[in-house]
Amino acid sequence: LLGVISSYGQTDSSLQMFQMYYNLASDAFKYGNYESALSWYQRSLDYAKSNFGENDILVATALSKIGKTQIKMGNKDDGVNNLKECVRIGRLLDNYNPATIVFLLSDLADGYRDCSQYDNALGCYKEALKELQKWRKCSTENEDINLLDKFFAIFFISFFFEII
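Our subject in this report is the structure included herewith. In this text the structure is predicted, and so the values were computed from the model without any measurement.

Some words on the overall build of the protein
Moving on, step 1. Counting its regular elements, the protein contains eight helices and zero strands.
Moving on, step 2. Looking at the 164 residues of the protein, the share that counts as buried comes to 41%.
Moving on, step 3. Partitioning the contacts of the protein with sequence separation of at least 6, the portion at a separation of at least 24 is 56%.
Moving on, step 4. As displayed, the protein offers around 9100 Å² of accessible surface, 50% of which is attributable to carbon and sulfur atoms.

Okay, structure coming up:
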């Protein structure tokens, strides 16, 4: 989230308000208070939509957390649907970035994995790897690519340990 927020500039009070809601939600989630987390994430989503538009990265960020929280609470279908919506929004961004899609697809894969939908999870990981390959072809920032390579190695390891 810090990377997303820094791209907006630090003087935007709307952004600070979104961050406050988001941080309250994250703290509630961390302590297992999922209903409170869901409520605060919903506030951050509503705030992001009204201040930044329907197809903004902050909307995708809030939806991702809402989806993960819903899955934790047992509302798996809604959770996965919100994670799918994150990927859709990520593809619509004006400043489309394959790295963003990689992370959003990874969140969706994790959601599928948490719902024991391993074939769907694996499909998302494969799609994320294709995005990573696109990024590799067009990026000159090897440091970012190496970081994503390590990131994906960790995800694949955790995925396979989860299904074994």
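Structure's up, so let's keep going.
Concerning the packing of aromatic side chains
Moving on, step 1. In total, this model carries five aromatic pairs according to the counting rule given.
Moving on, step 2. Each member of the aromatic cluster is reached from another via a ring pair, and the members are F18, Y22 and Y41.

Examining helix α2 (residues 13-30)
Moving on, step 1. Here α2 is 18 residues long and its end C-alpha atoms lie 25 Å apart, about the 26 Å a rise of 1.5 Å per residue gives.
Moving on, step 2. For α2, every residue scored as buried is listed here: S14, L15, F18, Y21, Y22, A25 and A28. Buried residues in α2, looked at end-on, bunch into an arc of 155°, giving them a common side. Exposed and oriented more than 90 degrees from the buried face of α2 are S13 and K30.
Moving on, step 3. Where α2 ends, the next residue or the one after it, G32, has phi of about 80°, a positive value.

So, helix α3 (residues 34-52)
Moving on, step 1. Counted at 1.5 Å a residue, the expected span for α3 with its 19 residues is 27 Å, and the 26 Å between its end C-alpha atoms agrees.
Moving on, step 2. Looking only at α3, the buried set comprises A37, Y41, S44, L45, A48 and F52. End-on, the buried residues of α3 take up no more than an arc of 105°, which puts them together on one face. Every exposed residue of α3 that faces more than 90 degrees away from the buried side is listed here: E35 and S50.
Moving on, step 3. G53 sits one or two positions beyond α3 and adopts a positive phi of about 105°.

Some points on the nonpolar core
Moving on, step 1. Within the largest apolar cluster, 35 residues are counted, with the highest numbers of intra-cluster contacts made by F18 and L108.
Moving on, step 2. For this core, the elements supplying multiple residues, two or more each, are α2, α3, α4 (57-72), α5 (76-92), α6 (98-114) and α7 (118-138).
Moving on, step 3. Here this core takes eight residues from α4, the largest share from any one element.
Moving on, step 4. Every residue in contact with L108, bar those within four places of it in the chain, is listed here: V80, L83, K84, V87 and C124.

Parameters and conventions
- Residues numbered from 1 in each chain as written.
- Predicted model: local features only at pLDDT ≥ 70, side-chain atom pairs only at ≥ 80, totals over all residues.
- Heavy atoms only, no water.
- Helix = DSSP H or I, 4+ residues; strand = E, 2+ residues; numbered from the N terminus.
- Buried < 20%, exposed > 50% of the residue type's maximum accessible area, 1.4 Å probe, protein only.
- Contact = heavy atoms within 4.5 Å.
- Areas by Shrake-Rupley, 256 points an atom, 1.4 Å probe, with all protein chains shown as cover.
- Phe/Tyr/Trp six-rings, centres within 6.5 Å; stacked < 30°, edge-to-face > 60°.
- Expected span 1.5 Å × (residues − 1).
- Arc of directions from axis to C-beta.
- Core = buried A, V, L, I, M, F, W, Y, C linked by side-chain atoms within 4.5 Å.

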